[in-house]
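Spelled out from the first residue to the last, the chains are:
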2 protein chains.
Amino acid sequence: MDVEAGRLAFTTDGYVVSPLFFPGGDIGKLAVCGTVNDLAVMGAEPLWMSLGMVLEEGLLVSDLRVVIGSVGTWARKAKVRLITGDTKVVERGKCDGVYLTTAGVGRVVAADPPGAARARPGDAVMVNGFLGDHGMAIMAARSGLSFAPALESDCAPLWDLVRTILDTGCAVHAMRDLTRGGLAGAVCDLARASGTTVYLEEGSLPVRPAVRGACDLLGFDVLTVANEGKLVLFCPAADAETVLAAMKGHEHGAEAAIVGEVGPEEPGMAVLRTILGGERVIDQPVGEDLPRIC
Amino acid sequence: MDVEAGRLAFTTDGYVVSPLFFPGGDIGKLAVCGTVNDLAVMGAEPLWMSLGMVLEEGLLVSDLRVVIGSVGTWARKAKVRLITGDTKVVERGKCDGVYLTTAGVGRVVAADPPGAARARPGDAVMVNGFLGDHGMAIMAARSGLSFAPALESDCAPLWDLVRTILDTGCAVHAMRDLTRGGLAGAVCDLARASGTTVYLEEGSLPVRPAVRGACDLLGFDVLTVANEGKLVLFCPAADAETVLAAMKGHEHGAEAAIVGEVGPEEPGMAVLRTILGGERVIDQPVGEDLPRIC
């Protein structure tokens, strides 16, 4: 791969989601979107990716075809080139159908790349849409529970959205995709890294009624549930409406919302302002509410 | 990671070796060496690598420490920087201790990079040392058989050797590491890609007596047994002695040997000239003599 002088970003992620196929996607789509999104939130245009597969003896070739087809489809949609791969086969019972591990290389195009430590007091905090869809869709698919309307993963590649945001010229201080640990994990990380307090407004969080219902029923906190097509973004309050408008004009940001702000107090904490007017500290999720979510 | 304009190489490989620890190495050393060697045979200096781990619930932390320590030790020795990683945990029984998947990025420094299609009639074929050590060491470790002297994996990072060879200024037409499929797999690939016939001289193949004995006893063909610190190299016959001397002067090439030549006939084949004066076609290995060798 020929490159110009500049800064590259390099990322890797493993995918062991169970089940392999779920409403809104499959492990192949998840692997491409996860890789693209890891790069996107670094302000990097995804260019190349690798795909390592561990396959279980006895895996249906038809299932493998669907997974690989999905990788191809989503790589084309996300305009990332899959240029190297590897396959290992292990004995029956020694993995669980398919495990994928990708790596991604991208070109950092943000003039002033977002960084976890760059969140500043006064920043607005926003997300690009409904929270918790992926995690609760996996939960429903795994448990056999059905909800009406059906829960679907939000799995989507976000580079095009991020580029749209960067093209506004507004300063993006920090950005993070909301996978394992959900929005809670991301804001706790960013608060700690930047030495600020991040306030989230419970009443402003976009959550589908069906997802809220499923969370209430099953005892999940939507703040910690994994997403696969969502990011949180910190930018100066003065730029917030411009960034919000850019997001809302994009297919992956139609339900974007300003959900909080950054304050200077008690550095390193995240706080939820509840709809009842109270405040509670948001804990860094430890362990996983739901294993093998991605 | 900041880069100058130029050509990069990108590779990925998965490691599911069983057992995780074996004479001469472990899955961590294997992962670093495999990544480095994939890049080296493309004429690329290894710069950065990623490490994705799938861990089984119940894995001993002490075992994980050894594996990660080994990754660190060998990455430092090979001068490759491990800059991104990921960990997934699956339930007990859903993997087999540790699976690793790496990706590597390197800078192509060979002025005229080796390529599978570039083998030419008249080229000398050489290897950098004893064949079959890794595969037979794994076989022995797995089966509980012991040989005297003990069989040890040849697992080693080869970039420094390759750079020494490139520094001679001799033309390297093709290079391939001898992992799954062994020397047989590599020469079959290179013969087909270049439309030439590759002849190997059985009497010139460097094989340790203990490995030869283990192969005879257990019914393995040493030509198809995997290596993890060996490569095959094609260069013009006129350069062969210079390249051989360079290899022999390096710790990973002390037992290097010229093992064959490239002829123009019957394009796309590899042929073994036996010690009895006969010839037999070398078949492309199908499947694996030994699953989970790397």
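Residues numbered from 1 in each chain as written. Chains lettered and ligands numbered in written order. Predicted model: local features only at pLDDT ≥ 70, side-chain atom pairs only at ≥ 80, totals over all residues. Heavy atoms only, no water.

## Notes on the overall build of chain A
Secondary structure summary: chain A contains 7 helices and 14 strands in total. By its C-alpha atoms, chain A is 55 × 50 × 30 Å across when sized along the principal axes. Sequence-distant contacts, at least 24 apart, represent 87% of the contacts inside chain A between residues at least 6 apart. Roughly 11400 Å² of accessible area belongs to chain A as shown, and the carbon and sulfur atoms make up 52% of that amount. Within chain A, one finds 25 positive and 37 negative side-chain charges whose respective centroids are separated by 5 Å. (Helix = DSSP H or I, 4+ residues; strand = E, 2+ residues; numbered from the N terminus. Contact = heavy atoms within 4.5 Å. Areas by Shrake-Rupley, 256 points an atom, 1.4 Å probe, with all protein chains shown as cover. Lys, Arg positive; Asp, Glu negative; His and termini not counted. Charge placed at Lys NZ, Arg CZ, Asp CG, Glu CD.)

## What about the domain arrangement of chain A?
Residues and elements named next belong to chain A. In terms of domain boundaries, chain A breaks down into domain 1 (8–108) and domain 2 (116–281). The straight-line distance from the C-alpha centre of domain 1 to that of domain 2 is 24 Å. Each partner contributes to the interface: domain 1 provides 21 residues, whereas domain 2 provides 21 residues. A combined buried area of about 1700 Å² lies between domain 1 and domain 2, and 69% of that area is made up of carbon and sulfur atoms. (Domains from an automatic or database assignment. Buried area = accessible area lost by both parts, 1.4 Å probe.)

## Observations concerning the sheet that holds strand β10 (residues 197–201) of chain A
All names here are of chain A. Read from one edge of the open sheet, 7 strands run β9-β11-β8-β12-β10-β13-β14, paired in mixed fashion. The open sheet has two edge strands with one neighbour each: β9 (174–177) and β14 (279–281). With strand direction ignored, the average angle separating the axes of adjacent strands in the sheet is 25°. In the sheet, β10 pairs with strand β12 (residues 257–263) via 4 bridges, with the strands oriented antiparallel. The partner of Tyr199 across the bridge, within β12, is Glu261. Packing of helix α5 (residues 182–194) onto the sheet brings it into contact with β8 (123–127), β9, β10, β11 (231–236) and β13 (269–273), and relative to β11 it is tilted by some 40°. (Pairing = 2+ DSSP bridges. Axes fitted to C-alpha atoms, helices over the stretch in contact; angles between N-to-C directions.)

## What about the confidence of the model for chain A?
For chain A, per-residue confidence averages 95 on the pLDDT scale, and residues scoring 70 or more make up 99% of the total. In the predicted complex, the global pTM is 0.95; the interface-specific ipTM is 0.93. (pLDDT = per-residue confidence, 0-100.)

## Re the relation of the copies chain B and chain A
To go from the first copy of the chain to the second, apply a rotation about an axis and then a shift along the same axis. Taken as rigid bodies, chain B and chain A are interconverted by a rotation of 180° and an axial shift of 0.0 Å, the fit giving an RMSD of 0.0 Å. As the rotation angle and translation indicate, the two copies are arranged about a two-fold axis. By residue overlap, the copies meet face to face through one surface: 100% of the interface positions of chain B are interface positions in chain A. (Least-squares fit on C-alpha atoms with pLDDT ≥ 70 in both.)

## Focus: the side chain of Ser70(A)
Residues and elements named next belong to chain A. Position of Ser70 relative to the elements: it lies in helix α2 (residues 61–78). Residue classification places Ser70 among the buried positions, given a relative accessible area of 8%. When near neighbours in sequence (up to four residues on either side) are disregarded, Ser70 contacts Asp26, Gly28 and Lys29. (Buried < 20%, exposed > 50% of the residue type's maximum accessible area, 1.4 Å probe, protein only.)

## A look at the interface of chain B and chain A
Often the size quoted for an interface is simply the accessible area lost on bringing the parts together. Each side of the interface is counted separately: chain B has 41 residues, and chain A has 41 residues. Both faces combined, the contact of chain B with chain A buries some 3300 Å², and carbon together with sulfur accounts for 57% of it. The three residues of chain B that bury the most area against chain A are Met1(B), Phe10(B) and Lys88(B), which together make up 20% of that side's buried surface. Between the two partners, chain B and chain A, sit 10 salt bridges. The partner of Lys94(A) in a salt bridge is Asp96(B), with the nearest N and O atoms 3.5 Å apart. Elements with a contribution of two residues or more to the side of chain B that touches chain A: β1 (2–3), β2 (6–15), β5 (44–56), β6 (81–90) and β7 (98–108) of chain B. Of the residues forming the side of chain B that touches chain A, the biggest block, 9 residues, is contributed by β2(B). (Salt bridge = Lys/Arg side-chain N within 4 Å of Asp/Glu carboxyl O.)

## Quick look at the side chain of Ser194(B)
Residues and elements named next belong to chain B. Turning to its location among the elements, Ser194 is positioned in helix α5 (residues 182–194). Under the relative-accessibility criterion, Ser194 is labelled buried at 14%. A distance of 2.6 Å separates a polar atom in the side chain of Ser194 from the backbone oxygen of Leu190. When sequence neighbours within four positions are dropped, the list of residues in contact with Ser194 reads Ala116, Ala117 and Ala119. (Polar contact = N/O pair within 3.5 Å; in protein donor to acceptor, adjacent residues only side chain to side chain.)

## Notes on the environment of Leu64(B)
All names here are of chain B. Inspection of the secondary structure assignment puts Leu64 in helix α2 (residues 61–78). The exposure class of Leu64 is buried, given its relative accessible area of 18%. Between the C-alpha atoms of Leu64 and Gly28, which are 36 residues apart in sequence, the distance is 9.5 Å. Leu64 has contacts with Met53, Leu55 and Leu59, leaving out every residue within four places of it along the chain.

## Concerning the packing of aromatic side chains
Think of a pair of aromatic rings as described by two things: how far the centres are apart, and how the planes are tilted against each other in angle. With the rule as written, the count across this model stands at 2 aromatic pairs over all chains. Centre to centre, the rings of Phe10(A) and Phe10(B) are 6.4 Å apart; their planes meet at 75°, and the pair counts as edge-to-face. Placement of the pair is Phe10(A) in strand β2 (residues 6–15) and Phe10(B) in strand β2, with the two residues belonging to separate chains. Pair check on accessibility: Phe10(A) and Phe10(B) agree, each one buried. Considering the side-chain rings of Tyr99(A) and Tyr99(B), the 6.4 Å spacing of their centres and the 50° angle between planes classify their relative orientation as tilted. In this pair, Tyr99(A) sits in strand β7 (residues 98–108) while Tyr99(B) sits in strand β7, so the two residues belong to two different chains. (Phe/Tyr/Trp six-rings, centres within 6.5 Å; stacked < 30°, edge-to-face > 60°.)

## Examining the pattern of salt bridges
Applying the stated rule across the entire model yields 36 salt bridges over all chains. Taking the shortest distance from any N to any O, the salt bridge between Glu45(A) and Arg107(A) comes out at 2.6 Å. Linking Glu45(A) in strand β5 (residues 44–56) with Arg107(A) in strand β7, this pair joins segments that are 62 residues apart in sequence. Since its relative accessible area comes to 38%, Arg107(A) is described here as partly exposed. Connected via shared salt-bridge partners are Asp13(A), Arg180(A), Asp86(B) and Lys88(B).

## Observations regarding the environment of Glu266(A)
Residue and element names in this part refer to chain A. With respect to the secondary-structure elements, Glu266 resides in the loop between β12 and β13. In this structure the C-alpha to C-alpha distance between Glu266 and Gly195, which are 71 residues apart in sequence, comes to 8.2 Å. Apart from the residues within four sequence positions on either side, Glu266 is in contact with Thr196 and Thr197.

## Here's the deal with the sheet that holds strand β10 (residues 197–201) of chain B
Sheet strands line up and pair through hydrogen bonds in the backbone, either parallel or antiparallel. Residue and element names in this part refer to chain B. The mixed open sheet is built from 7 strands, whose spatial order is β9-β11-β8-β12-β10-β13-β14. Each end of this open sheet is capped by a strand with a single partner; those strands are β9 (174–177) and β14 (279–281). With direction set aside, neighbouring strand axes in the sheet form an average angle of 25°. The pairing of strand β8 (residues 123–127) with strand β11 (residues 231–236) spans 5 bridges and is classified as antiparallel. From the neighbouring strand, Val125 faces β11, where its bridge partner is Phe234. Contacts between α5 and the sheet are confined to β8, β9, β10, β11 and β13 (269–273), with β11 contributing the most and set at about 40° to the helix.

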